[in-house]
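# Examining the three-dimensional arrangement
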Amino acid sequence: MKIEVLGTGCSRCKQLHENVMQAVIAADVEADVSKVEDITEIMRYGVMSTPALVIDGVVKTVGKVPSVEELKKLIA
Amino acid sequence: MLANFAAYLVFTVLGLAKGSHLGDAANFFVYDTIKIFLLLTTIIFCVAVIRSYFPPEKTKRFLSHGKEYVGNILAALLGIVTPFCSCSAVPLFIGFVESGVPLGVTFSFLVSSPMVNEIALIMLWGLFGWKIALIYIGCGVMIAIISGIVIGKLRLERFVQDYVYKIKMGETAATEQTFRERLSNARNYTVPLLKKIWPYVIAGVGIGAFIHGYAPEGFLLKYAGPQNPFAVPLAVLVGVPLYSNAAGVIPITQALMEKGMATGTVLAFMMAVTALSLPEAIILKNVLKLRLLLTFFGIVAVAITLTGYLFNAIL
């Protein structure tokens, strides 16, 4: 699974990245988690409010920081 | 009830003397802190739920059909409800421009969104009363509309960074939410936000309480009262580069007003602090060439100064 955290580097983006890492460990799934900070890349996903979460190329959440529990459901 | 509790805590439990500098300052601090945190928690949560119905993706679609004038008005009003954080300013700006929202309309949104926000409103309502809070919203929206129209008329499109026009935006993936999800998202938004701003609130109320208890009555009247014509532009000049959220500034300004700073000057100062800031300028530099950035800051600063004079004249 390929998980991307989109964000230009604000505190909420870092929080989302952290939550994703925890969720990946907790759900015990194989995932390649990366941060996307390039604005052109972010816009390609049609995202206007960061942070956003993209799983296997599909935008899952926009402009919010879901809790670890909620993220576990999304990646499980 | 809250006032009684604060007085009980300070004068009876802590045994501070009524009418003493320390007693007054402490009473002010306890009362304001409790009141503000109660208001902040409930209102931020409610606003977060309401805002989930107005994602920027929807706002953009709405405004891309807009013409000038009507578009500026709509953008300024939508700026109140659309969630905005300065770290999203760049994708938001590009998204607007890319989908054909006129530049002036985009700026109306960019002015109103940070200036008219729920934290500023709560603090104003709690500390100054609903009248000042309403005046603040009204002026904020007017400034956003007028600044946007002026920027639109100046035809500054060529001063947007060139790459912005080359970006191809993907199909927007706005996800629909159930009401339960909205509530849970609102909670996920409120708790970290409170964690982030509480030190500002405490610091702001603390400084405010100190001024309240120790500064002599009317000591600012001479410098920042309605008689000094330079007070308003000076307040704006000091406020523009300052970066603080409304939570920190408003308790201080309340104390300043009590000591004789004119209402219009106070309003202008608050608006300058919330609407414009150095970090925001640095972020917007990514999408705006220097000339447009300076024009934007200049127009908004002038509009805020005029608003300050207006209220000093009529209040």
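Thresholds applied
- Residues numbered from 1 in each chain as written.
- Chains lettered and ligands numbered in written order.
- Predicted model: local features only at pLDDT ≥ 70, side-chain atom pairs only at ≥ 80, totals over all residues.
- Heavy atoms only, no water.
- Pairing = 2+ DSSP bridges.
- Helix = DSSP H or I, 4+ residues; strand = E, 2+ residues; numbered from the N terminus.
- Right-handed = clockwise from strand over helix to strand, strands pointing away.
- Axes fitted to C-alpha atoms, helices over the stretch in contact; angles between N-to-C directions.
- Contact = heavy atoms within 4.5 Å.
- Buried area = accessible area lost by both parts, 1.4 Å probe.
- Salt bridge = Lys/Arg side-chain N within 4 Å of Asp/Glu carboxyl O.
- Polar contact = N/O pair within 3.5 Å; in protein donor to acceptor, adjacent residues only side chain to side chain.
- Nonpolar A, V, L, I, M, F, W, Y, C, P; charged D, E, K, R; others polar.
- Patch = residues over 30% accessible without salt bridge, like charges linked within 9 Å, V, L, I, M, F, W, Y side chains within 5 Å.
- Areas by Shrake-Rupley, 256 points an atom, 1.4 Å probe, with all protein chains shown as cover.
- Buried < 20%, exposed > 50% of the residue type's maximum accessible area, 1.4 Å probe, protein only.
- pLDDT = per-residue confidence, 0-100.
- 1 Å grid on protein atoms, 1.4 Å probe; cavity = no way out; pocket = protein on both sides within 12 Å on 5 of 7 lines; lining within 4 Å.
- Points joined across faces, edges and corners; volume = space filled by probe spheres on them.
- Arc of directions from axis to C-beta.

## Side note on the pairing of strand β2 (residues 32–36) of chain A
All names here are of chain A.
- Pairing of strand β1 (residues 2–6) with β2 involves five bridges; the strand directions are parallel. Within β2, the position partnered with Val 5 by the bridge is Lys 35.
- Where the polypeptide runs from β1 across helix α1 (residues 11–27) and back to β2, its parallel neighbour, the crossover connection is right-handed.

## A closer look at the sheet that holds strand β3 (residues 52–55) of chain A
Residue and element names in this part refer to chain A.
- Read across the sheet, four strands follow the order β2-β1-β3-β4 without closing on themselves; strand pairing throughout is mixed. Every interior strand has two partners, whereas the edge strands, β2 and β4 (58–62), have only one. Averaged over neighbouring strand pairs, the angle between their axes works out to 20 degrees when direction is ignored.
- For β1 and β3, the ladder comprises four bridges, and the chain directions are antiparallel. The residue of β3 that forms the bridge with Glu 4 is Val 54.
- Across the sheet, α1 is in contact with β1, β2 and β3; its angle to β1 comes to roughly 160 degrees.
- Contacting β1, β3 and β4, helix α3 (residues 68–75) crosses the sheet at an angle of about 25 degrees to β3.

## What to know about the interface of chain A and chain B
- On the chain B side, the residues contacting the 21 residues of chain A number 25 residues.
- Carbon and sulfur atoms supply 60% of the area that chain A and chain B bury against each other, a total of about 1800 Å² over both sides.
- When the area that chain A buries against chain B is broken down by residue, the three leading residues are Ile39(A), Met43(A) and Met48(A), summing to 37%.
- In this assembly, chain A and chain B are joined by zero salt bridges.
- Counting across the interface, chain A meets chain B through two residue pairs in polar contact (both at pLDDT 80 or more).
- Contributions of two or more residues to the side of chain A that touches chain B are made by α2 (39–44) and β4 of chain A.
- Tallying contributions element by element places α2(A) first for the side of chain A that touches chain B, with four residues.
- By residue class, the composition of the side of chain A that touches chain B is ten nonpolar, six polar and five charged.

## Focus: a nonpolar patch on the surface
Residues and elements named next belong to chain B.
- Side chains of Ile 50, Tyr 53, Phe 54, Phe 179 and Leu 183 sit close together on the surface and give an oily, nonpolar patch of about 450 Å² of accessible area.
- Take Leu 183: it is sitting in helix α10 (residues 179–214).
- A residue is classified by how much of its surface remains accessible, and Leu 183, at 33% relative accessible area, is partly exposed.

## A look at the confidence of the model for chain A
- In this model, chain A carries an average pLDDT of 88, and 100% of its residues clear a pLDDT of 70 or more.
- For chain A, the element scoring lowest by mean pLDDT is α2(A), at 86; β1(A) scores highest, at 93.

## Some points on the pattern of salt bridges
Residues and elements named next belong to chain B.
- Scanning the model with the defined rule gives five salt bridges over all chains in all.
- One salt bridge connects Lys 153 with Glu 68, and the closest N-O pair in it is separated by 3.9 Å. With Lys 153 in helix α8 (residues 130–153) and Glu 68 in the loop between α3 (56–63) and α4 (70–81), this pair connects stretches of sequence that are 85 residues apart.
- By relative accessible area, Lys 153 is classed as partly exposed at 46%.
- According to the relative accessible area criterion, Glu 68 is partly exposed, its value standing at 28%.

## Quick notes on the environment of Thr61(A)
Residue and element names in this part refer to chain A.
- Structurally, Thr 61 is set in strand β4.
- Taking C-alpha positions, Thr 61 is 9.9 Å from Val 5, a pair spaced 56 residues apart along the chain.
- The contact partners of Thr 61, leaving out residues within four places of it in the chain, are Pro 51, Ala 52, Leu 53, Pro 66 and Leu 74.

## Quick word on empty space enclosed by the protein
All names here are of chain A.
- The full count for this structure, using the stated rule, is one cavity of 30 Å³ or more.
- Around the largest cavity, the lining residues are Val 5, Gly 7, Gly 9, Cys 13, Lys 14, Lys 35, Val 36 and Glu 37.
- Within the residue set of the lining of the largest cavity, elements represented by two or more residues are α1 and β2.
- A per-class count over the lining of the largest cavity returns three nonpolar, two polar and three charged.

## Description of helix α12 (residues 231–239) of chain B
All names here are of chain B.
- Listed in full, the buried residues belonging to α12 are Ala 231, Val 232, Ala 235, Val 236 and Gly 239. Take α12 and look down its axis: the buried residues cluster within an arc of 135 degrees, on one side only. Structural note: α12 exposes Leu 234 and Leu 237 on the side pointing more than 90 degrees away from its buried face.

## Looking at the environment of Gly308(B)
Residues and elements named next belong to chain B.
- Within the element layout of this structure, Gly 308 appears in helix α16 (residues 290–314).
- Looking at Gly 308, the relative accessible area reads 0%, which means it is buried.
- Separated by 227 residues in sequence, Gly 308 and Val 81 have C-alpha atoms that sit 25 Å apart.
- Those residues in contact with Gly 308 that sit more than four places away from it in its chain are Val 232, Gly 264, Thr 265 and Ala 268.

## Quick notes on the packing of helix α7 (residues 118–128) of chain B against α8(B)
Residue and element names in this part refer to chain B.
- Axis separation between α7 and α8 bottoms out at 7 Å; the angle between their running directions is 150 degrees. Of the residues in α8, those touching α7 at Ala 120, Leu 121, Leu 124, Trp 125 and Phe 128 are Trp 130, Ile 132, Ala 133, Tyr 136 and Ile 137.
- Broken down by class, the residue content of the contact of α7 with α8 amounts to ten nonpolar, no polar and no charged.

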